[in-house]
Amino acid sequence: DSGVTQTPKHLITATGQRVTLRCSPRSGDLSVYWYQQSLDQGLQFLIQYYNGEERAKGNILERFSAQQFPDLHSELNLSSLELGDSALYFCASSVGDSLGGEQYFGPGTRLTVT
Amino acid sequence: SQQGEEDPQALSIQEGENATMNCSYKTSINNLQWYRQNSGRGLVHLILIRSNEREKHSGRLRVTLDTSKKSSSLLITASRAADTASYFCATDAYYGNNRLAFGKGNQVVVIP
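Here the structure is a predicted model, which means the values were calculated and not measured. (Residues numbered from 1 in each chain as written. Chains lettered and ligands numbered in written order. Predicted model: local features only at pLDDT ≥ 70, side-chain atom pairs only at ≥ 80, totals over all residues. Heavy atoms only, no water.)

**Quick look at the overall build of chain B**
Inclusion rule: To qualify as a helix, a DSSP run of H or I must reach at least 4 residues; to qualify as a strand, a run of E must reach at least 2; elements of each kind are numbered from the N terminus. Exposure categories follow from relative accessible area, calculated using a 1.4 Å probe and restricted to protein chains: below 20% of the type maximum is buried, above 50% is exposed, and the middle band is partly exposed. Any two residues having at least one pair of non-hydrogen atoms within 4.5 Å are treated as being in contact. The Shrake-Rupley method, run with a 1.4 Å probe sphere, supplies the accessible areas, and residue values consider only the shown protein chains as cover.
What chain B contains, in helices and strands, is zero helices and eleven strands. The order of α-helices and β-strands along chain B, N terminus first, is β-β-β-β-β-β-β-β-β-β-β. Counting every position in chain B, which comprises 112 residues, the buried fraction comes to 47%. Partitioning the intrachain contacts of chain B with sequence separation of at least 6 by distance along the chain shows that 55% fall at a separation of at least 24. Split by element, the accessible area of chain B, about 5,300 Å² in all, is 46% carbon and sulfur.

**Some points on the nonpolar core**
What counts here: In this text, buried Ala, Val, Leu, Ile, Met, Phe, Trp, Tyr and Cys residues form a nonpolar core when linked through side-chain atoms within 4.5 Å.
In this structure, L32, W34, L74 and Y87 of chain B are the most contacted members of the largest nonpolar core, which totals 22 residues. Residue assignment for this core shows that the elements contributing at least two residues are strand 2 (10-14), strand 3 (19-24), strand 4 (31-37), strand 5 (43-50), strand 7 (61-66), strand 8 (71-76), strand 9 (85-91) and strand 11 (106-111) of chain B. Grouped together as the second largest cluster of nonpolar side chains are 21 residues, A66, C91, L111 and V113 of chain A included.

**Quick word on the packing of aromatic side chains**
For clarity, the cut-off: Any two rings among Phe, Tyr and Trp, with Trp reduced to its six-membered ring, count as a pair given centres within 6.5 Å; such a pair is stacked if its planes are under 30 degrees apart, edge-to-face if over 60, and tilted if neither.
Applying the stated criterion to the full structure yields eight aromatic pairs over all chains. With 6.3 Å between their ring centres and 75° between their planes, F90 of chain A and F105 of chain A make a pair best called edge-to-face. Here F90 of chain A is found in strand 9 (residues 87-94), whereas its partner F105 of chain A is found in strand 10 (residues 104-105), with 15 residues between them in sequence. Look at F90 of chain A and you get buried, because its relative accessible area is 0%. Among the residues examined, F105 of chain A registers a relative accessible area of 3% and is labelled buried. Pairing F105 of chain A with Y35 of chain B gives two aromatic rings, centres 5.7 Å apart and planes at 75°, and the pair type is edge-to-face.

**Focus: the sheet that holds strand 1 (residues 5-7) of chain A**
Residue and element names in this part refer to chain A. This is how it is decided: Each pair of strands is called paired provided DSSP finds at least two bridges between the two strands. Axis definition: a line fitted to C-alpha atoms, over the contacting stretch in the case of helices. Angles run 0 to 180 degrees between N-to-C directions.
Taken together, the four strands give an open sheet; going across it, the order is 1-3-8-7, and neighbouring strands pair in antiparallel fashion. In this open sheet, the two strands that pair with only one neighbour each are strand 1 and strand 7 (64-68). Averaged over neighbouring strand pairs, the angle between their axes works out to 15° when direction is ignored. Relative to strand 8 (residues 74-78), strand 7 is paired through five bridges, and the arrangement is antiparallel. Its bridge partner lying in strand 8, Q67 is registered against E75.

**Section: the side chain of Q33 of chain B**
Residue and element names in this part refer to chain B. Spelled out, the test is: Within 3.5 Å is the distance limit for a polar contact, defined as a pair of N or O atoms, with the added protein rule that one can donate a hydrogen and the other accept it, and that residues adjacent in sequence qualify only through two side-chain atoms.
With respect to the helices and strands, Q33 occurs in strand 4. Its relative accessible area of 0% is what places Q33 among the buried residues. In terms of polar contacts, Q33 uses its side chain to reach the side chain of Y35, at 2.7 Å.

**A short note on the interface of chain B and chain A**
What counts here: Defined here as a combined quantity, buried area equals the accessible surface (1.4 Å probe) lost by two parts on assembly, summed across both. By definition, a salt bridge exists where a carboxyl oxygen of Asp or Glu is found within 4 Å of a side-chain nitrogen of Lys or Arg.
Counting residues at the interface gives 20 residues for chain B, matched by 26 residues for chain A. Interface area for chain B against chain A, summed over the two sides, is near 1,700 Å², with a carbon-plus-sulfur share of 50%. The interface formed by chain B and chain A holds zero salt bridges in total. Our count for the chain B to chain A interface comes out at three residue pairs in polar contact (both at pLDDT 80 or more). The set of elements that each furnish at least two residues to the side of chain B that touches chain A consists of strand 4 and strand 5 of chain B.

**Some words on the state of the cysteines**
For clarity, the threshold we go by: Criterion for a disulfide: a pair of cysteine sulfur atoms at a distance within 2.5 Å.
What the rule picks out here adds up to two disulfides over all chains. Through a disulfide, C23 of chain A is tied to C91 of chain A; the S-S separation comes to 1.7 Å. Judged by the sign of its S-S torsion, about -45°, the bond between C23 of chain A and C91 of chain A is left-handed. One end of the pair, C23 of chain A, is in strand 3 (residues 19-24); the other, C91 of chain A, is in strand 9, with 68 residues separating them in the sequence. The pair C23 of chain A / C91 of chain A is uniform in exposure class, with both members buried. One disulfide in the model links C23 of chain B with C89 of chain B; its S-S distance is 2.0 Å. Here the disulfide of C23 of chain B and C89 of chain B is right-handed, its torsion about the S-S bond being about 65°.

These figures come from the coordinates and say nothing about function on their own.
Written out as structure tokens, the structure is:
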């Protein structure tokens, strides 16, 4: 158990809908990272927050947004969903903001868009 | 293209044998990490090797790093059925806006 929790574990929704994925980092970790994993694209970094502020952006679509709250939990919002958004979404956390440090991954949320 | 590209292989070995997988990258790095992922689950950090290190051990794991060739290898000795997983390397090279770039992974199956 990494100490990172994600909810829900599974999500099935229809195209055009909007969903929110939630992540709680390990106790004491200030950074939260979001990743998308699909068979064709592999593991893609989406976005990072550090202590409530956006720190780095990766391959995140404009239809996606995220935020980190004062209690350090984070939410990833996916809107106008398309079939191609079906994937595993992982949250990871780390203590600091150092580039390339060890990250602790949650169990993921499997999103299926029908 | 993506940093941290493993050799695209699916490895099937007998329990007790050694498993080796490779990773190459394109730009300078500060460190390289290896992660393991069991089917459909979160990634688990295995080992981190810094750019000034050539070899590192952790239990049955041995990682080498050759910065001149921009490559790394992960060796799992005396494999066990529980080692069946996908293994990813990840580099911290700044590529676009990515903070940590993962390769596509090597699938290893250890047959009991």
